[in-house]
Amino acid sequence: MNLLLPMPVILPLLGAAVLLALHPRSRVSRVISVVVTFATLVASIVLLARAADSGVLSADLGGWPAPVGITLVVDVFSGLMLVISTAMVLAVLVYAIGNPRTDDEAEFFHPVYLTLAAGLSACFITADLFNLFVAFEVMLTSSYVLMTLGGNKAQVRAGMTYVVISLLSSLLFITAIGLIYAATGTVNLADLAVRLQEVSPGLRTALGTLLLLVFGIKAAIFPLFFWLPDSYPTAPTAVTAIFAGLLTKVGVYAIIRTQTLLFPSDGPSPLLLTLAALTMFVGVLGPMAQNEVKRILSFHIVSQNGYMIFGLGLFTVAGLAAGIFFIIHQVVVKTVLFLVGGLLEDSTGTSALHKMGGIMHVSPALAVLFAVPALSLAGLPPFSGFVAKLGLVQAGVEAGSFLVVGVSLFVSLLTLFSMTKIWSGVFWGKIQPEDLENRPKDEHLVTSPLMTGATAALAVLSLAIGFAAGPLFELSTQAANQLMDPSGYFEAVLGP
Amino acid sequence: MTLVLALAVGVLYATGTYLVLQRKLTRIIIGLAMMAHGANLLLLLAGGGAGTPVFVGEALPADFSDPLPQALALTAIVITFGVTAFLLALSFRSWLLRHDDDVEDDLEDRRLARRKPLEAEQK
């Protein structure tokens, strides 16, 4: 058995257990969480390198062979997701440690955060539908706690919506698992893919739609996104950033995994493409009316998730490769944007656009940190978003889905508009709040080097994704090839 | 017997859905708990009819009841139990803060829907 495979889950869980025994505010606990996350990142990178090198890796826990035992699988797609998610977890952790208010806002931040990291990794490496449910729950339960750790009025209200919606989708997930088990007698994904072929087409469509509904709520795609812009902005910045960057992408990951493996389609799927177009379009209309940085950005999470579903809906290698590249670009860019939003809020004491202004004159560095990911989000060259969208548009034109391509380009334009709205509201104009320039230095939390450093590191990473897109695109294409032709996956799980 | 259980699953889901659509938090939580019971019962039913206990040597393997859905249901029960407890604590916190059991409106949303105050503020 390959001992390295479970490491991205085991390391953070062990770390969380150790942290619970320590004083939550001590320096030791911070060091431990950084070290553990870093070790997880190293393990993930090694896993990705091996998966890219020698094909799909698998491990049977406890030595019971699939489909009886619990199987873990890492292919290039899960490897990429593991690496990028752990990198974000590490960067945001550094940001949270740099923020002097983290401990006051969230007393038990570190152990819960590590549990969240374990849940995230578990979602990516599991090869079993029920374990996917368990991994989701580990991740979600930690996220409930993180979101409401502050315990103030706004958090409790938003947390309530979030928990109820998530629990509802989890119950639907259990229902789907129960029905799938009743129809096929297995929950192992590879085994399911084989046995679902024998099920009648009507039943298969029903099960597929039910799973799409479940993951659609988690991924916040149209029409199931309403909970997201409502609940995300109230949590502390570090928490919102990691939610925005990663949690919905796990839903997208699950949609891609189940749709390609269990319910493959020969050509473009009209249902997925329609959902993608509507998600992009409706998601981008939301921010037009909004007046708060974090709420504007939250709506963009929805809109950008549509692009990923667009890549999947084409059901071509080129489309999936562009979709996977888009996820990686998006995870980084979204996390930076929320971190910058947090820095803005910390230095001005507000997140309302009309109460801020002229930040460019006070802190040019912050303006640059915002401009890079914002232009990337809109898809301007030479940033990473341009490469990702170019890939999607090319794949869409090849597959002949011109309408969705048109929608995606139009939505890019509206995204740019929305970013310029933040830009002109926050960075241009006369300096607001008026006393910002004359405040004593220690009230400028922006000067916390760890926070700015973590944000800057991620901004550089997003630039790197844009400039060194070639190798990453090759990896995404390799991942897409494995998804479209899952014979390697079957062989790794079920044996030759 | 299975028909009775199947009907029970249906009734649990139906009442759960009705309660989740209410405005009071306590009802929503009870509704979610009922749906959770329905889902767990469904998992159990997914394993087929009742069989003998799974002890090697005491019966033929063909007569065993399927242990996997039971294990799944057990896991699901633990998880929904934990989350329901968390939700109860959260609603208690909400009661302490507001002395009200209603699910609150999103204020920013309301403000945007009316729109006027926003423009007034900008002037």
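What you are looking at is a predicted structure, and each value in this text was computed from that prediction instead of being measured. (Residues numbered from 1 in each chain as written. Chains lettered and ligands numbered in written order. Predicted model: local features only at pLDDT ≥ 70, side-chain atom pairs only at ≥ 80, totals over all residues.)

(A) Here's a closer look at the overall build of chain A. In terms of helices and strands, chain A carries 21 helices and two strands. The globule rule puts the C-alpha radius of gyration for 496 residues at 23 Å, and the 22 Å found for chain A is close to it. Expressed along its principal axes, the backbone C-alpha trace of chain A runs to roughly 70 × 55 × 40 Å. Across the 496 residues of chain A, 61% fall into the buried class. Across chain A, contacts joining residues at least 24 apart in sequence account for 80% of those joining residues at least 6 apart. (Helix = DSSP H or I, 4+ residues; strand = E, 2+ residues; numbered from the N terminus. Rg over C-alpha atoms; globule rule 2.2 N^0.38 Å. Buried ≥ 20, exposed ≤ 12 C-beta atoms within 10 Å, placed from the backbone. Contact = placed C-beta atoms within 7 Å.)

(B) Expanded view of the overall build of chain B. Counting its regular elements, chain B contains five helices and zero strands. Dimensions of chain B along its principal axes, counting C-alpha atoms only, are 80 × 25 × 25 Å. Counting contacts in chain B only where the partners sit at least 6 residues apart, residues at least 24 apart contribute 51% of the total.

(C) Looking closely at the interface of chain A and chain B. Listed as interface residues are 30 residues of chain A and, on the opposing side, 32 residues of chain B. Those elements giving two or more residues to the side of chain A that touches chain B turn out to be α6 (129–148) and α7 (153–184) of chain A. With 16 residues, α7(A) is the single largest residue contributor to the side of chain A that touches chain B.

(D) Molecular detail of the nonpolar core. Core analysis: the biggest nonpolar cluster contains 212 residues, and A:Val73, A:Leu80, A:Val92, A:Cys123, A:Ile177, A:Ile324 and A:Ile328 have the highest contact counts within it. In contact with A:Ile324, other than residues within four places in its own chain, are A:Phe77, A:Leu80, A:Ser476, A:Ala479 and A:Ala480. (Core = buried A, V, L, I, M, F, W, Y, C linked by C-beta atoms within 7 Å.)

(E) The pairing of strand β2 (residues 70–74) of chain A, seen in detail. All names here are of chain A. With four of five residues buried, β2 lies mostly within the body of the structure. Pairing of strand β1 (residues 57–61) with β2 involves five bridges; the strand directions are antiparallel. Its bridge partner being in β2, leucine 61 is matched across the sheet by isoleucine 70. (Pairing = 2+ DSSP bridges.)

(F) Spotlight on unusual backbone geometry. All names here are of chain A. Of note, the amide linkage connecting phenylalanine 222 to proline 223 takes the cis form, showing an omega dihedral of -5 degrees. Here proline 223 is to be found in the loop between α9 (201–219) and α10 (228–231). Here the amide bond leading from proline 381 into proline 382 is cis, since omega sits at 5 degrees, within 30 degrees of zero. Residue placement: proline 382 occurs in the loop between α16 (364–378) and α17 (384–399). Even without being glycine, alanine 220 reaches a positive phi, approximately 55 degrees. Within the secondary structure, alanine 220 sits in the loop between α9 and α10. Assessed through the 26 C-beta atoms surrounding it within 10 Å, alanine 220 is described here as buried.

(G) Representation of α16(A). Residue and element names in this part refer to chain A. Compared with the 21 Å implied by 1.5 Å per residue over 15 residues, the 21 Å span of α16 between its first and last C-alpha is a close match. Regarding α16, the residues found buried are Leu366, Leu369, Phe370, Val372, Pro373, Ala374, Leu375, Ser376, Leu377 and Ala378. Buried-residue contacts for α16 involve α13 (293–313), α14 (317–348), α15 (359–362), α17, α18 (402–426) and α19 (449–467). One or two positions beyond α16, positive phi appears at glycine 379, with a value near 90 degrees. (Expected span 1.5 Å × (residues − 1).)

(H) Just the packing of α13(A) against α14(A), in detail. All names here are of chain A. Two elements in contact, α13 and α14, have axes separated by 9 Å at closest approach and are oriented at 175 degrees. Relative to α14, α13 is oriented roughly antiparallel. Residues Val293, Lys294, Leu297, Ile301, Gln304, Tyr307, Met308, Gly311 and Leu312 of α13 lie in contact with α14, whose contacting residues are Gly319, Leu320, Ala322, Gly323, Phe326, Ile327, Gln330, Lys334, Leu337, Phe338, Gly341 and Leu344. Taken together, the residues of the contact of α13 with α14 break down into 13 nonpolar, six polar and two charged. (Axes fitted to C-alpha atoms, helices over the stretch in contact; angles between N-to-C directions. Parallel < 35°, antiparallel > 145°, perpendicular 65-115°, else oblique. Nonpolar A, V, L, I, M, F, W, Y, C, P; charged D, E, K, R; others polar.)

(I) Main features of the packing of α9(A) against helix α11 (residues 237–261) of chain A. Residues and elements named next belong to chain A. The geometry of α9 relative to α11 is characterised by a closest axis approach of 7 Å and an angle of 155 degrees between their N-to-C directions. One finds that α9 runs roughly antiparallel with respect to α11. Considering the relative orientation of α9 and α11, their crossing is left-handed. Facing α9, whose interface residues are Leu211, Leu212, Phe215, Lys218 and Ala219, α11 presents Thr248, Val250, Gly251, Val252, Ala254, Ile255 and Thr258. Residues of the contact of α9 with α11, tallied by class, amount to eight nonpolar, three polar and one charged. (Left-handed = near helix turned anticlockwise from the far one by under 90°.)

(J) Region of interest: helix α2 (residues 25–46) of chain B. All names here are of chain B. The end-to-end C-alpha separation of α2 is 31 Å, in line with the 32 Å expected for 22 residues at 1.5 Å each. Here α2 lies mainly inside the structure; 17 of its 22 residues are buried. Within two residues after α2, glycine 48 carries a phi angle of roughly 90 degrees, on the positive side.

(K) Structural view of the environment of A:Leu129. Residues and elements named next belong to chain A. By the secondary structure assignment, leucine 129 is in helix α6. Overall, the presence of 22 C-beta atoms within 10 Å leaves leucine 129 in the buried class. Measuring from C-alpha to C-alpha, the distance between leucine 129 and phenylalanine 173 comes to 9.5 Å, with 44 residues separating the pair along the chain. Residues in contact with leucine 129, not counting those within four places in the same chain, are Ile177, Ile180, Val187, Leu189 and Leu192.

(L) Up close: the environment of A:Leu20. All names here are of chain A. Here leucine 20 lies in helix α1 (residues 7–21). Leucine 20 gets classed as partly exposed once you count the C-beta atoms within 10 Å, which come to 15. Remark: the alpha-carbon pair of leucine 20 and histidine 110, spanning 90 residues in sequence, is separated by 8.8 Å.

(M) Representation of the confidence of the model for chain B in the model. All names here are of chain B. Mean pLDDT over chain B stands at 84; residues scoring 70 or higher make up 91%. The least confident element of chain B, judged by mean pLDDT, is helix α5 (residues 116–122) at 51; the most confident is helix α1 (residues 2–20) at 93. Two numbers describe this predicted complex: its pTM, 0.93, and its ipTM, 0.89. (pLDDT = per-residue confidence, 0-100.)

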